[in-house]
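These are the residues of each chain, in order.
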Amino acid sequence: MEYLLLFVSASLVNNFILSRFLGICPFMGVSRTLDTAMGMSFAVAFVMTVSAAVTWVINAFVLVPFELVYLQTIVFILVIASLVQFVEMVIEKSSPELYAALGIFLPLITTNCAILGAVLINVQQDFGFIKMLVFTLGSSVGYGIALVLFAGLRERVAFSNVPTSFKGAPVAFVTAGILALAFMGFSGLVK
C-alpha cells in the first residue's frame, strides 16, 4: 500500500509539471501534437528512470562512502547528459520522423529540471532502491500524463475559434493553467 500511495503521489498529487512546475520547457514546446508528446514522454520516462537508478547506485556506493557528497549535482548531471545522448542516438536511428519532430527539445532533456529534480528528491528523501524506482516511475508517468493531456487539449484548441489576441502562446498558457488547476483536485488525496 505504501508503494501505491507513493506512486499516486508522484504521478498525480505532486505532478512534476503541474504541481512542482519542473520540466516546463519541453511541456510547452513539444506538446503541439499527440505524437511528439508521446515520444517525448517515453524518452523522458526512460532517461528519468535509468538516471535515477544509476545515480542512486553511484550515490550509495561511491559518493556517500567516500564522503564526496558535494559532487552529487555534477555527477548526476553527467549521468543524465550521457543517457540523453544515448536516447538521442537511438531515436535518430530508429525513428527519424520522431527525431525531426522533437527537434531541439530532445537534447534539452539534459537540462530538463524534472529529471534532475527526481534524482535530487530521491537523495533528499533518502529513498531505498525500490522506493526510488516507484517514485521515479510515478513521476515519469505523471510527466507523460500531463504532456499527453496538454497535447490533446492544444490540438483541440487549435481547431477552436480563439480570439486573435489569445492565439498561440497565450491560449497555451491559459490551457496549461486550467490543467494545473484540475490537477489541484488531487491534493489531499495523498500526503
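All residue numbers refer to positions counted from 1 along the written sequence of the respective chain. At least 70 in pLDDT is required for a residue's local features to be given in this predicted model, at least 80 for side-chain atom pairs to be given and counted, and no such filter applies to totals for whole chains, interfaces and linings, which use all residues. As a rule here, side-chain values come from all non-hydrogen atoms in the structure, and water together with hydrogens is ignored.

A. Molecular detail of the environment of Thr-55. In this description a helix means any DSSP run of H or I spanning at least four residues, a strand means any run of E spanning at least two, and both kinds are numbered starting from the N terminus. Tracing the backbone shows Thr-55 in helix 3 (residues 34-63). In sequence terms Thr-55 and Val-123 are 68 residues apart; their C-alpha atoms lie 9.1 Å from each other. Residues within four places of Thr-55 in sequence aside, it is in contact with Phe-76, Val-79 and Val-119. Any N or O atom pair separated by 3.5 Å or less is treated as a polar contact, with the protein-specific requirement of one donor-capable and one acceptor-capable atom, and with residues adjacent in sequence counted only for side-chain atom pairs. A distance of 3.2 Å separates a polar side-chain atom of Thr-55 from the backbone oxygen of Ala-52. Pairs of residues are marked as contacts when any of their non-hydrogen atoms sit within 4.5 Å.

B. How the structure looks around the state of the cysteines. The definition used for a disulfide is geometric: two cysteine sulfur atoms within 2.5 Å. In this structure the tally under the stated criterion is zero disulfides. Of all cysteine sulfurs in the structure, the one in Cys-113 sits closest to Cys-25, which takes part in no disulfide; the separation is 8.9 Å.

C. Just the packing of helix 3 against helix 7 (residues 129-158), in detail. Between helix 3 and helix 7, the least distance of the axes is 9 Å, while the angle of their chain directions is 165 degrees. When the axes of helix 3 and helix 7 are compared, the pair comes out roughly antiparallel. Every pair of crossing elements has a handedness; the one defined by helix 3 and helix 7 is right-handed. Among the residues forming the contact of helix 3 with helix 7, the class breakdown is 19 nonpolar, seven polar and one charged. Orientation is described by axes fitted as lines to C-alpha atoms, over the contacting stretch for helices, and by angles from 0 to 180 degrees between their N-to-C directions. Any angle between 65 and 115 degrees counts as roughly perpendicular, while under 35 counts as roughly parallel, over 145 as roughly antiparallel, and the rest as oblique. Crossing handedness: left-handed means the near helix sits turned counterclockwise from the far one by under a right angle, and right-handed means the same turn made clockwise. Residues are grouped as follows: nonpolar covers Ala, Val, Leu, Ile, Met, Phe, Trp, Tyr, Cys and Pro; charged covers Asp, Glu, Lys and Arg; every other residue, Gly included, is treated as polar.

D. Structural context of the pattern of salt bridges. Within this document, salt bridges are pairs made up of a side-chain nitrogen of Lys or Arg and a carboxyl oxygen of Asp or Glu, the two lying within 4 Å of each other. On inspection of all chains with the given rule, the structure shows one salt bridge. The salt bridge partner of Lys-131 is Glu-2, with a shortest N-O separation of 2.6 Å. Of the two residues, Lys-131 sits in helix 7 while Glu-2 sits in helix 1 (residues 2-13), which places them 129 residues apart along the sequence. Glu-2 gets classed as partly exposed once you look at its relative accessible area, which sits at 47%. Buried, partly exposed and exposed residues are distinguished by accessible area as a fraction of the type maximum, computed with a 1.4 Å probe on protein chains only: under 20%, between the cut-offs, and over 50%, respectively.

E. Unusual backbone geometry, seen in detail. Backbone geometry places Phe-21, a non-glycine residue, at a positive phi of 60 degrees. Assignment of secondary structure puts Phe-21 in the loop between helix 1 and helix 2 (24-29). For Phe-21, a relative accessible area of 52% translates into the label exposed. Unusually for a residue other than glycine, Glu-67 sits at a positive phi of about 55 degrees. Tracing the backbone shows Glu-67 in the loop between helix 3 and helix 4 (72-94).

F. Examining the side chain of Thr-49 more closely. With respect to the helices and strands, the residue Thr-49 is situated in helix 3. A relative accessible area of 16% means that Thr-49 is categorised as buried. Not counting residues within four places of it along the chain, the set of residues in contact with Thr-49 comprises Leu-133, Thr-136, Leu-137 and Ser-140.

G. Fine view of the nonpolar core. Core analysis: the largest hydrophobic core is formed by 53 residues, its most contacted members being Leu-18, Phe-27, Met-40, Val-47 and Ile-109. Listing elements by their share of this core, those giving two or more residues are helix 1, helix 2, helix 3, helix 4, helix 6 (113-124), helix 7 and helix 8 (169-183). For this core, the leading source of residues is helix 3, giving nine residues. Nonpolar cores are built from buried Ala, Val, Leu, Ile, Met, Phe, Trp, Tyr and Cys residues. Side-chain atoms within 4.5 Å join them into one set.

H. Representation of the side chain of Ser-140. Residue position: Ser-140 is located in helix 7. In contact with Ser-140, other than residues within four places in its own chain, are Ala-45, Met-48 and Thr-49.

I. Summary view of the environment of Val-75. Inspection of the secondary structure puts Val-75 in helix 4. What Val-75 contacts, discounting residues up to four positions off in sequence, is Ile-58 and Leu-63.

These figures capture arrangement, not role.
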